[in-house]
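These are the residues of each chain, in order.
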Amino acid sequence: MRPEQPSLQSTTIPERHGWMLKTLRAAVARTCPSDLGAQREDLVQAALLRVLEREQQGEQNQVRTASYLWRVAFSVIADELRRRRAEELRSRRSTMGERSGQQGATPLAELGVGIRDCLGGLPEPRRAAVLLHLEGFRADEASRVLHWDMKRVQNLTYRGLADLRRCLERKGLVP
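Given the structure is predicted, the values throughout are model-derived calculations rather than measurements.

Visitor: Hey, could you run me through helix α4 (residues 108–120) in this one?
Guide: At 3.6 residues per turn, the α-helix brings residues three or four places apart onto the same side. Taking 1.5 Å per residue, 13 residues should reach 18 Å; α4 reaches 18 Å between its end C-alpha atoms and fits that length. Every buried residue of α4 is listed here: Gly 114, Cys 118 and Leu 119. Looking straight down α4, one finds its buried side chains confined to an arc of 130°; they lie on one side. Exposed residues pointing more than 90 degrees away from the buried face of α4 are listed as Ala 109 and Arg 116. Where the residues of α4 are buried, they touch α5 (124–134) and α7 (150–170).

Written out as structure tokens, the structure is:
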């Protein structure tokens with residue numbers, strides 16, 4: 001059960017902030033994933049700071065509802081998860097870059113040029129099917145776009161990808 005909001009006329013500033021802090025703690029405890037468990041109090045403080053900064057800027061009125069505080073807590077948690085995901089991706093890329101430098105892997109620009117060259121060498125129907133596949137189209141979507149039956153799209157995609165792989169291997173771009 002969510003704590004009741006005290007009326008603003010009967011409370012002092014510290015009491016109101018105490019209620020906000022209590023509500024934010026409940027919201028973070030309820031919505032925070034377990035892998036952020038050690039950071040719960042930091043997330044509560046970040047949410048409280050966000051509310052107080054907006055209050056100082058005069059962006060919102062001074063009356064805070066519990067649902068507003070829950071939304072702020074949820075957005076702070078979502079921001080932290082996004083930040084972690086981006087940091088993870090950066091560290092993976094830097095690790096892959098170090099490994100590729102050690103193993104003599106193909107730079108991405110060279111691989112892109114090789115893919116473009118190999119796609120240019122495919123017969124037109126295979127190229128169209130493979131390009132749509134590489135852009136993320138499912139077979140049924142590609143079938144509608146190309147006005148072909150689905151079996152033809154699947155066949156051309158499968159064979160076109162095999163041709164693309166062989167071409168890249170011949171160029172020494174993939175192991």
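Visitor: Just checking my understanding: could you explain the packing of α5 against α7 for this structure?
Guide: For any two helices packed against each other, the geometry comes down to the angle between their axes and how far apart the axes lie. Relative to each other, α5 and α7 sit at 90°, their axes nearing to 8 Å. Comparing their axes, α7 and α5 come out roughly perpendicular. Here Pro 125, Arg 126, Ala 129, Val 130, His 133 and Leu 134 of α5 come into contact with α7, specifically with Arg 152, Val 153, Leu 156, Thr 157, Arg 159, Gly 160, Leu 161, Asp 163 and Leu 164.

Visitor: It is not clear to me how the pattern of salt bridges should be interpreted in this structure. Could you clarify?
Guide: Think of it this way: side chains of opposite charge can pair up when their charged atoms draw near. Summed over all chains, the structure comprises 13 salt bridges. Residue Asp 163 pairs with Arg 126 through a salt bridge whose shortest N-O separation is 2.4 Å. Of the two residues, Asp 163 sits in helix α7 while Arg 126 sits in helix α5, which places them 37 residues apart along the sequence. Classification of Asp 163 as buried rests on a relative accessible area of 17%. Measuring nitrogen to oxygen at the nearest pair gives 3.5 Å for the salt bridge that ties Glu 141 to Arg 138. Via salt bridges that share partners, Glu 80, Arg 83, Arg 84 and Glu 87 belong to a single interconnected network.

Conventions and cut-offs
- Residues numbered from 1 in each chain as written.
- Predicted model: local features only at pLDDT ≥ 70, side-chain atom pairs only at ≥ 80, totals over all residues.
- Heavy atoms only, no water.
- Helix = DSSP H or I, 4+ residues; strand = E, 2+ residues; numbered from the N terminus.
- Expected span 1.5 Å × (residues − 1).
- Buried < 20%, exposed > 50% of the residue type's maximum accessible area, 1.4 Å probe, protein only.
- Arc of directions from axis to C-beta.
- Contact = heavy atoms within 4.5 Å.
- Axes fitted to C-alpha atoms, helices over the stretch in contact; angles between N-to-C directions.
- Parallel < 35°, antiparallel > 145°, perpendicular 65-115°, else oblique.
- Salt bridge = Lys/Arg side-chain N within 4 Å of Asp/Glu carboxyl O.

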